Amino acid sequence: MPATRSPSTDRVTTPWWRDRVKLGLGSAILWFASVMAIGSVGDLSTPASRMLAIFGAAVALWVSEAIPLSATSIFVILAQILMISDEAVLSLPDGFEAPTYESIYATLASPILMLFLGGFVLADAAAKFGLDRNLAGVMLRPFGTRPRAVLAGLMSITALLSMFVSNTATTAAMMAVVLPVAAGLERTDRFRVALILAVPVAANIGGLGTPVGSPPNAIALGRLDDEGLQVNFITWMAFAVPVALVLLVVAWWLLVRRYPASITSMSLNLGGTFERSRSAIILYVAFALTVIGWMTEPVHGVRSSIVGFAPVVVLLATKVFTVDDLRRLNWHILWLVGGGIALGNGVSSSGLDVWLVSRFAWGSMPTLLLMGAMAGLALLLSTVISNSATANLLAPVGISLALSDAVDLDPLLAGLLIAMACSLAMALPVSTPPNAVAYASGEIETKDMASIGLVVGGLGLAIVVFVMPPIWEAVGLL
Amino acid sequence: MNELVIVVVEDDPDVRAAIVRDLDSFADGIRIDQADTVDDARRAMAEADADGDRVGLILADHRLPGESGVDLLVSINADPELRTIRTVLITGQAGHEDTIRAINEAGLDWYFAKPWDPDELVSVVKQQLTTFVIEAELDLLRFVRVLDGPRLLEQYARHTRPD
């Protein structure tokens, strides 16, 4: 008897224009070559034209993901060194103040990345000792057993964790707990959908909350930092936490209304006993002190990136975080953010920002419309491509535009809008990895995700564009 | 990778059908290839490989015409490229010697005596395939639904990509 098999998938050859990789690489190379061939035109200087070539290629590569996102980032760094730095292999016009090649490399170790590194190390170490899970268990207890209260607890804890831990890691860890509970509900109980949607939605929203919550925040902060606009940890939280809270409440209300529970009591099996080994206690102390240090920057004046670097030293020295753990860190995310910061620097040091801003009579556009357009574009783009890549592309241009005299927009506000809008994109399974995780459960449909994602995204956008800026101004944040 | 494949090697058509029926819950997402001899199984594996599919688990009877099930599992364990494949023996007649050989030389992952308990079979296959998917670094999210979801998600939480 020959081996029999169930029907296998049909393999169809895709035409090149449907091939994401070929299309992305093709348009990147075409753009790069054409812009380089045309070179300096009119008021577009030679360095600015080279930066335009790099920028366009980065757009094509980040949007298509033809090469890994972090590869595009280091391409941006290499291309800038070769084309517009003091070590450029192509000659630069006299009078152009070329950035040093060291300064371009240095974006990979910029303060905001060091802050992120601290966040990664703390989060990974916390996961290693089950601190995140145990804290979640403790915090969930007061919420009782009524389904809608448990849902509120689940969402608050997920959001709180994802303010300090990556959104995706938080979602995956919480989903591992939620899945068995959802699977245990009656097939007809729609509450399962609420449980499963609650996790990614809360994680995405929580990511807004702190500078280390999500890469777009870091990208915007890094760009602002380069322009001498420092935003400390607690100030960012003052901007973002109220927005996150409102959105969480709305999301919770939508979920319990749309997917009411038919059971009257439930419990999530979260957390166990806190480890009491020497390593675990060092971690607890380091974690607590770092978070306190971050929140109290205005009191002690030590920058959050420096505060966040201290636990890296302590945890590595005490072997609470081992060299093996260090090797497993998500370095590629740091590189991805670094490329975005480098792109922003290049756009500004090459003079491309001035040229871009002068392309359009921005002054004739009402500021509110401009803000809406900026945030809307970020939301739209990051619904289909990576949030970080969107921030990498839009933050340099948006913040440069705000810095120019052409418009009456606070650069800080521009940075906030872009970063927040990137995190608000959660309408599709592909919008963010947390959504992909929830969708993989097979328990929800795209339309479930789209209906809550569109409401939270749309409402969030309206809040950050129309409602919050006057409030921020009134309380003296802006 | 196109498909994750379980290869069932059993010469008795009724028994084979019973095994495949018990594994019905994996049908949505995992392919089951059936073979009645070791040669046949090797052919199915080569074919899967050529098609870009991944064999994740072999469920073999011991007593087969020609080479035995244990022979097959030993040869798989000796091949560095195939070693990650999870191996399960399901048999009524393996002697002491064969069983020892399966454990020592084939790195056997599980042993079922006939008659097997269908629930236990499903649970073992699920755990073994989950281990395979993690070790082979396949797309974990793709299998959350059909394999051990919580375990895959725990693993995924540790290797995330950018938000």
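For the structure, check the block above.
Predicted model only: the values in this text are computed from it and were never measured. (Residues numbered from 1 in each chain as written. Chains lettered and ligands numbered in written order. Predicted model: local features only at pLDDT ≥ 70, side-chain atom pairs only at ≥ 80, totals over all residues. Heavy atoms only, no water.)

Caption draft 1: Quick look at the pairing of strand S2 (residues 30–35) of chain B. All names here are of chain B. Most of S2 sits inside the fold, with six of its six residues counted as buried. The two faces of S2 match: Ile 30, Ile 32 and Gln 34 on one face and Arg 31, Asp 33 and Ala 35 on the other face are all buried. One ladder, built from six bridges, connects strand S1 (residues 4–9) with S2; its direction is parallel. Among the inter-strand pairings, Val 7 is bridged to a residue of S2, identified as Asp 33. What joins S1 to S2 is helix H1 (residues 13–22), and the crossover it makes is right-handed. (Buried < 20%, exposed > 50% of the residue type's maximum accessible area, 1.4 Å probe, protein only. Helix = DSSP H or I, 4+ residues; strand = E, 2+ residues; numbered from the N terminus. Pairing = 2+ DSSP bridges. Right-handed = clockwise from strand over helix to strand, strands pointing away.)

Caption draft 2: Expanded view of the pattern of salt bridges. Residues and elements named next belong to chain B. Under the definition given, this model contains 22 salt bridges over all chains. Across the pair Arg 31 and Glu 3 runs a salt bridge whose closest N-O atoms are separated by 3.0 Å. Here Arg 31 is found in strand S2, whereas its partner Glu 3 is found in the segment before S1, with 28 residues between them in sequence. Glu 3 carries the same exposure label as Arg 31, and that label is buried. We note a salt bridge from Asp 28 to Arg 145, for which the minimum N-O separation is 3.2 Å. (Salt bridge = Lys/Arg side-chain N within 4 Å of Asp/Glu carboxyl O.)

Caption draft 3: Layout of the nonpolar core. By size, the foremost hydrophobic cluster in this structure holds 163 residues, and its most contacted members are Leu23(B) and Leu59(B). The dominant element in this core, judged by the number of residues it contributes, is helix H11 (residues 233–258) of chain A, at 13 residues. If near-sequence neighbours (up to four positions away) are discounted, Leu23(B) is found in contact with Ile6(B), Val8(B), Ile32(B), Leu59(B), Leu121(B) and Val125(B). Of all hydrophobic cores here, the second largest spans 27 residues; its members include Phe55(A), Ala58(A), Trp62(A) and Ile104(A). (Core = buried A, V, L, I, M, F, W, Y, C linked by side-chain atoms within 4.5 Å. Contact = heavy atoms within 4.5 Å.)

Caption draft 4: Looking closely at the packing of H11(A) against helix H22 (residues 446–474) of chain A. All names here are of chain A. At a minimum axis separation of 10 Å, H11 and H22 run at an interaxial angle of 145°. For the pair H11 and H22, the sense of crossing is right-handed. Note on element contacts: H22 touches H11 through Ser 451, Ile 452, Val 455, Val 456, Leu 459, Gly 460, Ile 463, Val 464, Met 468 and Trp 472, opposite Ala 238, Phe 239, Pro 242, Val 243, Val 246, Leu 247, Val 250, Ala 251, Leu 254, Leu 255 and Arg 258. Its residues placed into classes, the contact of H11 with H22 shows 18 nonpolar, two polar and one charged. (Axes fitted to C-alpha atoms, helices over the stretch in contact; angles between N-to-C directions. Left-handed = near helix turned anticlockwise from the far one by under 90°. Nonpolar A, V, L, I, M, F, W, Y, C, P; charged D, E, K, R; others polar.)

Caption draft 5: Layout of helix H7 (residues 147–162) of chain A. Here H7(A) spans 22 Å end to end across 16 residues, near enough to the 22 Å set by a 1.5 Å rise per residue. When you tally the buried positions in H7(A), you get 13 out of 16 residues, the bulk of the element. (Expected span 1.5 Å × (residues − 1).)

Caption draft 6: Inspection of unusual backbone geometry at higher detail. Residue and element names in this part refer to chain B. Following Lys 114, the chain continues to Pro 115 via a peptide bond in cis, the omega torsion being -5°. Within the secondary structure, Pro 115 sits in the loop between strand S5 (110–113) and helix H5 (118–135). Positive phi, normally seen in glycine, also occurs at Glu 137, with a value near 50°. Tracing the backbone shows Glu 137 in the loop between H5 and helix H6 (149–158).

Caption draft 7: Fine view of the layout of surface pockets. Each pocket or cavity is described by its volume, and for the largest pocket that value is around 620 Å³. For the lining of the largest pocket, the secondary-structure elements that each account for two or more residues are helix H5 (111–128), helix H6 (131–140) and helix H8 (167–184) of chain A together with H6 of chain B. Counting residues per element, the lining of the largest pocket draws most heavily on H5(A), at five residues. (1 Å grid on protein atoms, 1.4 Å probe; cavity = no way out; pocket = protein on both sides within 12 Å on 5 of 7 lines; lining within 4 Å. Points joined across faces, edges and corners; volume = space filled by probe spheres on them.)

That's the geometry; what it means functionally is another story.
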